[in-house]
Amino acid sequence: MFLLSLLIFVPVVYGLMLLFVPKSQVKFTALLFSLSTFILSTRLFREFDPSRADLQLVEKFSWVKAFGINYFVGIDGISFWLVLLTTFLMPITILGSWKAVEKNTRAFHANLMFLQSALIGTFLAFDAILFYVFFEASLIPMYFLIGLWGGPRKIYASVKFFIYTMFGSVFMLLAIITMMIMTQTLDGGGGMSASLLDFYKLDIPFIGGTLINSQTLLFFAFCLAFAIKCPMFPVHTWLPDAHVEAPTAGSVLLAGVMLKMGTYGFLRFVLPMFPEATAYWSWLLMLLAVIGIIYGALVAMVQPDIKKLVAYSSVSHMGYVILGLFTLNEFGVTGGLYQMLNHGVSTGALFLLVGMVYERTHNREISKYGGLAKAAPWFTICFMIITLSSIAVPMTNGFIGEFLILLGAFQANSYLAGAAVLGVVLGATYMLWMVKRVFFGSTGELVEKYNSKLEMNWREGAVIAPLIILVFWMGLLPNHFLNWSKASLEHLLQNKNNYTLSYVTESTPSINGKKMIALKDKAVK
């Protein structure tokens, strides 16, 4: 059926079609197109077997035979929910920005479709060059979304976003080419290959205590590209500008899905390909993650702009994801993957809610609000629920992810875990302080001016309701989501002493994985 290829390329066809739809029908048509893609993606629940850790629904065709480059896509438990998150958020994003964009609506919605295609392709590609093509292709529609439909500083923000991410990707491309050359030594000296399955088989030399060795250099080349995309401290400075200047749809997809390309890259490339380097340098990645958690929270606390506050909260929250992944234990990695989904739901919802108010007042300055709870009680209830999710209150989705991450972090490094707990406290502080100033206290000038007009309408209620349902569903019944990824993560983290990753190809029933990540003391030796 080529289900995965349909998920990747149907949005491209939709995007091209939207360029020729009558302007009055563009929004409705784009919404129908995005809903049809989401419905198509739900077939994954039927086709995907969560009890298997191998690569499923594989499609593989020769692309550039001379260099071993193939169109090679597949899905496992690591990418399963990320694909569904992408298709789920798109119709919500389109409905949420219904009134936000009135000029060049054909091009705007076409760019959303092209972006969706690139994001899904990134999560499904198992050829390194194909992955790189999708990874970079996602920059183009987001660049236009910010640069054409963004705020007053949109050109600065879009150019900064493009330059930062392209800079990191250059090093990743060099690393991919290097590893393709290395694959010529596999199977008795065959040709080059860009398949991730062949990359996993490489035995790349590693020497602890020095940067000048093949595995460490390749490790940091990939880490730089993915750290910028996350983004991770100290290469995060493009994100606040991009979020603040982007239209609501751009902010939701940037926070909800695009940042996950970086953390997904760590899981798919860095951990399995560079086992000794990952084990040896994990302390550094964990340290930078904790610094990002605390730094992001402290900077968010002093922001006068609601949207910029949420943007810096993303830096802090993504720090938890990276912390979890580099604990290299089951609790931490599981929590890291789950927190990717949680962040997409809760932070995406926050940007939608901020956008709803901005559409009415065209102002995001916290000091000009106050007493909003009286004027817009339903909006306040929704905002409070999402806030509680963001600060990881029990029974919400955020609690499960952060709890697992901190549990894994305490097993890996109790000092860094203790510092990360401070981020939880700071997160509650800046979010609740913002809620107090915006929704309670004396009535601000904007609330006085717009009053009941600030209440959400039925369309906006329909936008936020699915996200609120997910907040409690993921918080109360996490196994409904975790079980779909469990087998794949157990293969990545097979047991306490060594980690393996194994996939099957379309022609091989099973392939035993190589030893992935040695214990840290073995890596040092």
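Here the structure is a predicted model, which means the values were calculated and not measured.

Caption draft 1: Up close: the overall build of the protein chain. On a plain count of helices and strands, the protein chain comes out with 24 helices and four strands. Relative to the compact-globule value of 24 Å for 525 residues, the protein chain shows a C-alpha radius of gyration of 22 Å, a close match. Here the protein chain holds 525 residues, and the buried ones make up 62% of them. Intrachain contacts of the protein chain at a sequence separation of at least 6 include 78% that bridge at least 24 residues. For the protein chain, the exposed area adds up to about 19,400 Å²; of that, 67% sits on carbon and sulfur atoms.

Caption draft 2: The arrangement of the pairing of strand 1 (residues 56-64) in detail. Here strand 1 runs beside strand 2 (residues 69-75); their pairing, made up of six bridges, is antiparallel. Following the sheet pairing, Val64 is matched in strand 2 by Ile69. What sits between the antiparallel neighbours strand 1 and strand 2 is a turn of four residues, in which Gly68 has the positive phi angle 70°.

Caption draft 3: Seen up close, the side chain of Thr278. When you line up the elements, Thr278 lands in helix 14 (residues 275-301). Apart from residues lying up to four places away in sequence, Thr278 is in contact with Phe219, Val270, Leu271, Phe326 and Leu328.

Caption draft 4: Here's a closer look at the pattern of salt bridges. The tally for this structure, following the rule as stated, stands at ten salt bridges. Note that Arg52 and Asp54 form a salt bridge whose closest N and O atoms lie 2.8 Å from each other. Residue Asp54 is classed as buried on the basis of its relative accessible area, which comes to 12%. One salt bridge in this structure joins Arg364 and Asp305, with 3.3 Å as the shortest N-O distance.

Caption draft 5: Molecular detail of helix 22 (residues 458-476). Here helix 22 contains 19 residues, and its C-alpha end-to-end distance of 27 Å stays within 8% of the 27 Å for a straight helix at 1.5 Å per residue. Approximately 30° is the largest bend angle found in helix 22, and it occurs at Ile464, with the proline Pro466 only one to four residues beyond. Among the residues of helix 22, Arg459, Glu460, Val463, Ile464, Leu467, Ile468, Leu470, Val471, Met474 and Gly475 are the ones counted as buried. Looking at the buried residues of helix 22, the elements they touch are helix 4 (77-96), helix 16 (330-361), helix 18 (377-390), helix 19 (397-412) and helix 23 (479-492). Its side-chain oxygen 3.2 Å from the backbone nitrogen of Arg459, Asn457 forms the N-cap of helix 22.

Caption draft 6: Structural context of the packing of aromatic side chains. Taken as a whole and judged by the stated rule, the model has 42 aromatic pairs. Seen from their ring centres, Phe383 and Phe439 are 4.9 Å apart, and the 50° between their planes marks the pair as tilted. Here Phe383 is found in helix 18, whereas its partner Phe439 is found in helix 20 (residues 414-439), with 56 residues between them in sequence. Note on Phe383: relative accessible area 3%, which makes it buried.

Caption draft 7: Structural context of the pairing of strand 2. Among the seven residues of strand 2, seven are classified as buried, and the element is accordingly described as predominantly covered. Burial along strand 2 is two-sided: the residues Ile69, Tyr71, Val73 and Ile75 and Asn70, Phe72 and Gly74 are all buried.

Caption draft 8: Spatial organisation of the layout of surface pockets. Size it by volume and the largest pocket reaches roughly 610 Å³. Lining of the largest pocket is provided by 29 residues; of these, Gly150, Gly151, Glu245, Tyr358 and Arg364 occupy positions nearest its centre. Put simply, the parts of the chain that give the lining of the largest pocket at least two residues each are helix 7 (139-149), helix 11 (238-245), helix 15 (306-325) and helix 16. With five residues, the top contributor of residues to the lining of the largest pocket is helix 16. Tallied by class, residues from the lining of the largest pocket come to twelve nonpolar, five polar and twelve charged.

Caption draft 9: The packing of helix 4 against helix 12 (residues 248-258), seen in detail. For the pair helix 4 and helix 12, interaxial distance at closest approach is 10 Å and the crossing angle is 165°. Our classification of the angle between helix 4 and helix 12 gives roughly antiparallel. Considering the relative orientation of helix 4 and helix 12, their crossing is right-handed. Residues Leu85, Thr86, Leu89, Met90 and Thr93 of helix 4 form the contact with helix 12, whose participating residues are Ala249, Val252, Leu253, Gly256 and Val257. Residue composition of the contact of helix 4 with helix 12, by class: seven nonpolar, three polar and no charged.

Caption draft 10: Spatial organisation of the packing of helix 4 against helix 23. Closest axis-to-axis distance for the helix 4/helix 23 pair is 7 Å, and the angle between their directions is 145°. From helix 4, Gly77, Ile78, Phe80 and Trp81 reach across to helix 23, where they touch His480, Phe481, Trp484, Ser485, Ser488, Leu489 and Leu492. For the contact of helix 4 with helix 23, the residue count by class is seven nonpolar, four polar and no charged.

Rules and cut-offs
Residues numbered from 1 in each chain as written. Predicted model: local features only at pLDDT ≥ 70, side-chain atom pairs only at ≥ 80, totals over all residues. Heavy atoms only, no water. Helix = DSSP H or I, 4+ residues; strand = E, 2+ residues; numbered from the N terminus. Rg over C-alpha atoms; globule rule 2.2 N^0.38 Å. Buried < 20%, exposed > 50% of the residue type's maximum accessible area, 1.4 Å probe, protein only. Contact = heavy atoms within 4.5 Å. Areas by Shrake-Rupley, 256 points an atom, 1.4 Å probe, with all protein chains shown as cover. Pairing = 2+ DSSP bridges. Salt bridge = Lys/Arg side-chain N within 4 Å of Asp/Glu carboxyl O. Expected span 1.5 Å × (residues − 1). Bend = angle between axes of the 7 residues up to and from the residue. Polar contact = N/O pair within 3.5 Å; in protein donor to acceptor, adjacent residues only side chain to side chain. Phe/Tyr/Trp six-rings, centres within 6.5 Å; stacked < 30°, edge-to-face > 60°. 1 Å grid on protein atoms, 1.4 Å probe; cavity = no way out; pocket = protein on both sides within 12 Å on 5 of 7 lines; lining within 4 Å. Points joined across faces, edges and corners; volume = space filled by probe spheres on them. Nonpolar A, V, L, I, M, F, W, Y, C, P; charged D, E, K, R; others polar. Axes fitted to C-alpha atoms, helices over the stretch in contact; angles between N-to-C directions. Parallel < 35°, antiparallel > 145°, perpendicular 65-115°, else oblique. Left-handed = near helix turned anticlockwise from the far one by under 90°.

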